[in-house]
Structure formats: structure tokens, C-alpha cells
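# A look at the structure
Spelled out, the chains give:
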Amino acid sequence: MNLDALYPPIEPHDSGMLLVGDGQRVAWEVSGNPEGAPVVYLHGGPGGASSPWQRQFFDPEKYRIVLFDQRGCGKSTPSAADPADDLRFNTTAHLVADLELLRKNLGIEKWQVFGGSWGSALALAYAQAHPTAVSGLVLRGIFTLRKMELEWFYEGGTAAIFPDLWEEFIAPIPVLERNRMIEAYHRRLFDPDPAVHVPAAVAWTKWEAATVTLRPDPELVAAMTVPEYAVAFARIESHFFMNRGWFAEGQLLENIDPIRHIPAVIVQGRHDACTPMMTAWDLHRAWPEAEFVVVDDAGHAASDPGMQRALRDAADRLAG
């Protein structure tokens with residue numbers, strides 16, 4: 001992955017495990033300037049986990065950079081890759097509460113919230129619940145878990161762009177179940193038999209990994225389809241998608257008034273096949289006060305070069 005558009009790599013100077021209740025521990029780290037403007041990076045998925053390169057969107061001289069792994073993924077425990085993990089304790093409300101607990105434990109009064117894909121949904125949900133704790137928002141690849149958004153990517157819409165990859169995605173599912181792909185995969189992902197849930201998880205995750213970048217990225221596909229990663233990722237995603245994120249239809253787009261005053265940048269790839277521009281456009285129309293940036297040479301992934309530049313620039317502007 002070429003990260004030339006970002007700041008140089010840095011290492012964290014603090015890290016830990018936050019006990020958030022329900023037997024869950026959330027892994028977190030802090031890098032950059034300890035006296036800088038606080039920013040928290042919300043990874044996608046849900047279930048995608050954070051990565052060291054995500055620190056590089058932020059000027060380390062100006063920002064105190066917080067990364068954390070949401071429940072069940074990355075270094076957080078227990079892992080959703082374990083079929084015994086009870087995902088009843090992994091919902092949007094739990095993640096919003098974890099974010100607020102982490103903010104308080106780090107002694108942060110206000111922080112910028114920077115999230116992409118599922119991270120944009122979580123950022124909106126958190127900001128709408130705790131507007132006084134948010135100094136700014138950078139939102140990428142807007143995803144709000146509306147019915148049409150989920151159907152676009154998982155029920156056949158994206159097949160118009162990737163028919164070859166779609167055939168691979170539907171292949172493990174019997175024909176009579178293909179009218180409800182999320183449900184069909186959910187049944188297999190939560191089957192206790194590894195011979196059932198591991199291949200389902202790899203197929204689910206490969207579909208996403210192969211379609212999120214503007215150009216094919218075999219290294220990303222290989223990394224995301226490692227079975228342990230894929231099982232946690234796919235189980236958490238299907239759990240959230242079966243429940244539509246526990247959002248009322250259109251909730252995140254209709255509840256803008258509490259956050260309308262917060263400085264915000266919406267960054268959307270023109271060629272995003274995963275969370276297409278229709279949702280970002282709807283958010284832009286609901287929230288015209290937020291800066292709206294369309295990246296014409298990017299897809300969904302934050303690692304696309306055009307997206308790297310746009311996100312770094314957005315963070316730089318909000319840093320002041």
C-alpha cells in the first residue's frame with residue numbers, strides 16, 4: 001500500500017485495554033503530540049479493526065491521535081472469531097457508550113471524530129448522542145445502514161459493476177436462498193461448525209475486500225481473508241446488518257440539528273461501489289453547512305491515493 005500522500009509513520013506513546021462492561025475489553029492507543037488537539041479515528045466494518053497506518057492522516061505535531069478497536073475485533077477481547085462470543089453485547093449503543101467512556105478515561109474534554117464507512121455511521125451516532133463532546137467531524141464513504149444501502153451492496157445492486165465477483169459471492173448460497181443474501185450468510189456465519197462458518201466468512205470478506213478499492217488490491221484481499229480476521233469481521237458485520245445498526249430508517253440523516261453547528265467535512269469517492277455517493281449526497285442535502293468534497297479519482301477505501309489526499313487535507317483544515 002502506497003501511503004505517500006500521508007504523514008510519515010509514527011509509533012504510539014500510550015496504549016491500554018479499557019474495561020467497558022459485559023466482559024468486554026477495548027484496545028486503544030494514543031500517538032502524536034500529547035498536548036495536541038485530540039482526534040479519534042473510527043474504523044470501518046463494523047469489525048474492521050484499526051491499523052497503524054491510520055495514524056498517518058494526522059499531523060503528529062498538531063494532533064493527539066487516538067485509535068481503538070471496537071468490540072470483538074482487532075486486539076479487543078473477546079474476539080468475535082470465537083463462536084462462543086456473545087454478540088448481544090455488541091451494538092451501536094454499546095459502541096457509542098464505549099467511545100464516551102474512552103474519552104473520559106483519557107481526560108479529553110472534546111475531540112474531533114474521524115470515521116469512514118461504518119465509522120461514518122458510528123461518528124454520526126456518537127455526535128448526535130454527545131454533541132458537546134465533539135469539536136469537529138471528518139466523514140468518509142458515508143454509510144447509514146438504510147435498507148437501500150444494504151441492498152445495494154449485499155442483495156445485488158453492486159453486481160451491475162462487479163458481475164464476476166458477485167458470482168463468487170453468491171456461489172456458496174443455494175439458489176432458493178439468494179433473495180436474502182444477508183440472512184443466508186448470517187445463518188452460516190453463526191453456525192458453530194468451522195467447516196460452515198469459516199468458508200462463509202472468507203467469501204463474505206473477499207467480496208468486500210475485492211470491491212472497495214478503485215483498482216484491484218490483491219494484498220488487501222489476502223490480508224482481509226485470513227480466516228481469523230474474516231470470521232470476526234463477517235460475524236460482526238452480518239450481526240449489525242441484520243439489525244440495521246439498531247437505527248430507525250433514515251435516523252442518522254434526519255437527526256442533523258443537534259450537530260449542525262459542528263465543523264464538518266464530508267469526503268466521498270465518486271467511484272465508491274460499496275457505499276455509493278447517493279448517501280453522501282443525501283447527507284449533504286440534509287447538512288449543507290458541512291463542507292462536501294467529492295474525490296473523482298477514488299472509490300470507497302481510505303487507502304485510495306485520491307482519498308488519502310482529501311482526508312489528510314480535511315484533517316489539516318480542522319486542525320487550524
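The structure we're discussing is the one just above.
Rules and cut-offs
- Residues numbered from 1 in each chain as written.
- Predicted model: local features only at pLDDT ≥ 70, side-chain atom pairs only at ≥ 80, totals over all residues.
- Heavy atoms only, no water.
- Buried < 20%, exposed > 50% of the residue type's maximum accessible area, 1.4 Å probe, protein only.
- Helix = DSSP H or I, 4+ residues; strand = E, 2+ residues; numbered from the N terminus.
- Pairing = 2+ DSSP bridges.
- Core = buried A, V, L, I, M, F, W, Y, C linked by side-chain atoms within 4.5 Å.
- Contact = heavy atoms within 4.5 Å.
- Salt bridge = Lys/Arg side-chain N within 4 Å of Asp/Glu carboxyl O.
- Phe/Tyr/Trp six-rings, centres within 6.5 Å; stacked < 30°, edge-to-face > 60°.
- Axes fitted to C-alpha atoms, helices over the stretch in contact; angles between N-to-C directions.
- Parallel < 35°, antiparallel > 145°, perpendicular 65-115°, else oblique.
- Left-handed = near helix turned anticlockwise from the far one by under 90°.
- Disulfide = S-S within 2.5 Å.

## Some thoughts on the pairing of strand E4 (residues 63–68)
The element E4 is largely enclosed, with a buried count of 6 among its 6 residues. Of the two faces of E4, the one carrying Tyr63, Ile65 and Leu67 and the one carrying Arg64, Val66 and Phe68 are both buried. The pairing of strand E2 (residues 24–32) with E4 spans 5 bridges and is antiparallel. Residue pairing across strands places Val30 opposite Val66, the latter belonging to E4. Bridge count for strand E3 (residues 37–42) against E4 is 5 bridges, and the pairing is parallel. For Ala37, the partnering residue across the bridge sits in E4 and is Tyr63.

## Topic: the nonpolar core
Within the largest apolar cluster, 87 residues are counted, with the highest numbers of intra-cluster contacts made by Leu137, Trp204 and Trp287. For Trp204, the residues in contact, after removing those within four places along its chain, are Tyr154, Phe169, Ile182, Tyr185, Leu189, Phe233, Ala234, Glu237, Ser238 and Phe241.

## Regarding the pattern of salt bridges
A complete count under the given rule lists 18 salt bridges for this structure. With a closest N to O distance of 3.0 Å, Arg317 and Glu291 form a salt bridge. One end of the pair, Arg317, is in helix H11 (residues 305–319); the other, Glu291, is in strand E8 (residues 291–295), and 26 residues separate them in sequence. Taken together, the shared-partner salt bridges connect Asp22, Arg71 and Asp98 into one network.

## Quick look at the packing of aromatic side chains
Across all of its chains, the model carries 25 aromatic pairs by this definition. With a centroid separation of 5.8 Å and an interplanar angle of 90°, the aromatic rings of Phe143 and Phe241 are classed as edge-to-face. Taken together, the residues span a long stretch of sequence, with Phe143 in the loop between strand E6 (134–140) and helix H3 (147–154) and Phe241 in helix H8 (residues 227–242) at a distance of 98 residues. Among the residues examined, Phe241 registers a relative accessible area of 3% and is labelled buried. Consider the rings of Tyr154 and Phe169, whose centres lie 6.4 Å apart with planes at 55°: the pair is tilted. Note that Tyr154 is positioned in helix H3 and Phe169 in helix H4 (residues 163–170), a separation of 15 residues in sequence.

## Here's the deal with the packing of helix H5 (residues 181–189) against H8
It is at 10 Å that the axes of H5 and H8 come closest, and there the two elements cross at 135°. By the criterion of interaxial angle, the relationship of H5 to H8 is oblique. You can see that H5 and H8 cross each other, and the crossing is left-handed. Taking contact as the criterion, the partners of Ile182, Glu183, His186 and Leu189 in H5 are, on H8, Ala234, Arg235, Ser238, His239, Phe241 and Met242.

## A word on the pairing of E2
Here E2 lies mainly inside the structure; 7 of its 9 residues are buried. In the sheet, strand E1 (residues 14–21) pairs with E2 via 7 bridges, with the strands oriented antiparallel. Within E2, the position partnered with Leu18 by the bridge is Val26.

## Focus on the state of the cysteines
Enumeration according to the criterion identifies 0 disulfides in this entry. Of all cysteine sulfurs, the one in Cys274 lies closest to Cys73, which takes part in no disulfide; the gap is 16 Å.

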